[in-house]
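Fold and geometry: a report
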Amino acid sequence: MIAPGKTRAPKAFLCTFALAALLLSPPALARSDAPEACAPPPASSLVVNVKHKGAKGDGQSDDTAAIQAAIDEIGGTKGTVLVPKGTYLVDAAGKDRLKLKDDMTLKLAAGATLKVIPNDEEKYHLLTIDGVANVWVIGGTLEGERDQHKGKSGQWGMGIRIGKGAKHITVSGLTSKRMWGDGFYVAGAEDVRFCSVTADANRRQGLSIIEVDGLLVLNSVFKNTHGTRPSAGIDFEPAKESQEISNVRVANSKFLDNEGAGILVAGKRARISKLEMTRNMFRGNRPFVVENAPGIASAICGNRQTSLPAETSGGFNAYAEPIEIVALQNDCGETGFVMDRGNTKKKRPN
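Digging into the state of the cysteines
Two cysteines joined by a covalent bond between their sulfur atoms form a disulfide. A full pass over the atoms with the stated rule returns one disulfide. Covalently, Cys38 is tied to Cys195 through a disulfide, its sulfur atoms 2.0 Å apart. The sign of the S-S torsion, about 90°, decides the handedness of the disulfide formed by Cys38 and Cys195: right-handed. Taken as a pair, Cys38 in the loop between helix H1 (11–24) and strand E1 (47–49) and Cys195 in strand E14 (residues 182–195) lie far apart in primary sequence, 157 residues in all. The partly exposed category is assigned to Cys38, whose relative accessible area is 23%. Taking the relative accessible area as the measure of exposure, Cys195 reaches 8% and is therefore buried.

See below:
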């Protein structure tokens, strides 16, 4: 029964109202199957201090062999290689470069820096994580030699290279800066997690993703990338048709003053799918550029672009804090936040 004084809305009106609400509501975000958090490394009482293997950390000695000796001892034990405060020079271009092993943690103390010895090679890897599983790299700084590089060619000097067959890799609280190429590089890996990392002033990218299944980038900063194209904060770009990027989540991160886009998605060579990019902040660079990756824009949601802090005026506001102004913010279902270049493949002349 209908209460006295009230009438029932016509069915046609209710159906029309429900349809309008459905059309006006933003579509649900298509979630990926990416990891959601960075887990801490396994607890272990086994710790090897690199100084006990002969590392100096004085900024003058080549400490590559001593650090690798500590890695070799810890590998497979779930223990920790500890790098105390200091500057440790590393040969990143030689055949005996640092290679991490299964079931281990590399922990750099606050104030610890692994620094690339200047070289003239087109490519180098300060840390290599290739074909191993269950690895954590935590804290400290990796520093490249872009200002002292002895050659002029190449663009593949990497802070960390996570390569084919690597699984369950976590990088947390680490800064990778001033590399000849990329701060971080991922190709052919599964379940890779970056939490609270910083890529600063690298020459090519902050982070390059070539091939991955399951990637998390959370609470991180990618800034001041410049020197050679595309100079993006993060570049998702398979190199060949057999490679695929899927199940990616980039959230709560900052992209600041990069010469290229904050995030570049370039799918002209292979498939890119299930990318979820939410609650990120962009300043001083274009937020997103998407090329040949249909459907990606719908999963770019809840991000914002800000302007540089506004200068305060005089008078009563002379000592006020600068205000960061939100220039643009996108809600779920909006695509105007993204520069989509469509098909960028050049046609061959007849």
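Overview of the nonpolar core
If you look at the biggest cluster of nonpolar residues, it comprises 69 residues, and the most contacted ones within it are Leu114, Ile129, Ile160, Ile162, Phe194, Phe236 and Met277. If we skip the residues at most four places from it in the chain, Phe194 touches Cys38, Ile162, Val171, Phe184, Val186, Leu207, Leu215, Leu216, Val217, Leu218 and Ser220.

Digging into the environment of Thr228
Relative to the helices and strands, Thr228 resides in the loop between strand E17 (221–223) and strand E18 (232–236). Residues Thr228 and Glu259, spaced 31 residues apart in sequence, show a C-alpha to C-alpha distance of 9.1 Å. Those residues within four positions of Thr228 in sequence are excluded, and the remaining contacts are Gln155, Arg203 and Arg204.

With respect to the pattern of salt bridges
Taken as a whole and judged by the stated rule, the model has nine salt bridges. The partner of Glu73 in a salt bridge is Lys53, and the shortest N-O contact between them spans 2.5 Å. With Glu73 in helix H2 (residues 64–74) and Lys53 in the loop between E1 and strand E2 (58–62), the pair connects residues that are 20 residues apart, well separated along the chain. The exposure class of Glu73 is partly exposed, given its relative accessible area of 41%. Residue classification places Lys53 among the partly exposed residues on the basis of a relative accessible area of 35%.

Thoughts on the packing of aromatic side chains
Following the criterion strictly, the structure yields four aromatic pairs and no others. Seen from their ring centres, Phe222 and Phe255 are 5.3 Å apart, and the 15° between their planes marks the pair as stacked. Of this pair, Phe222 sits in strand E17 while Phe255 sits in strand E20 (residues 254–256), and the two are 33 residues apart along the sequence. For Phe255, a relative accessible area of 0% translates into the label buried. Members of the aromatic cluster, each reached through a chain of ring pairs, are Phe222, Phe255, Phe282 and Phe288.

Points about the pairing of strand E7 (residues 112–116)
Along E7, four of the five residues are buried, which leaves the element largely enclosed by surrounding structure. Sheet topology places strand E4 (residues 86–90) next to E7; five bridges connect them, and they run parallel. Following the sheet pairing, Val90 is matched in E7 by Val116. Sheet analysis places E7 next to strand E10 (residues 141–143), joined by three bridges and oriented parallel. Paired with Thr113 across the strands is Thr141, a residue of E10.

Some thoughts on the environment of Leu114
Secondary-structure assignment places Leu114 in strand E7. Classification of Leu114 by relative accessible area gives buried; the value is 0%. Residues Leu114 and Thr87 lie 27 residues apart in sequence; the distance between their C-alpha atoms is 6.1 Å. Excluding residues within four positions of it along the chain, Leu114 makes contact with Ile67, Val83, Tyr88, Val90, Leu98, Leu108, Leu126, Leu127, Thr141, Leu142 and Glu143.

Calculation notes
Residues numbered from 1 in each chain as written. Predicted model: local features only at pLDDT ≥ 70, side-chain atom pairs only at ≥ 80, totals over all residues. Heavy atoms only, no water. Disulfide = S-S within 2.5 Å. Helix = DSSP H or I, 4+ residues; strand = E, 2+ residues; numbered from the N terminus. Buried < 20%, exposed > 50% of the residue type's maximum accessible area, 1.4 Å probe, protein only. Core = buried A, V, L, I, M, F, W, Y, C linked by side-chain atoms within 4.5 Å. Contact = heavy atoms within 4.5 Å. Salt bridge = Lys/Arg side-chain N within 4 Å of Asp/Glu carboxyl O. Phe/Tyr/Trp six-rings, centres within 6.5 Å; stacked < 30°, edge-to-face > 60°. Pairing = 2+ DSSP bridges.

These figures come from the coordinates and say nothing about function on their own.
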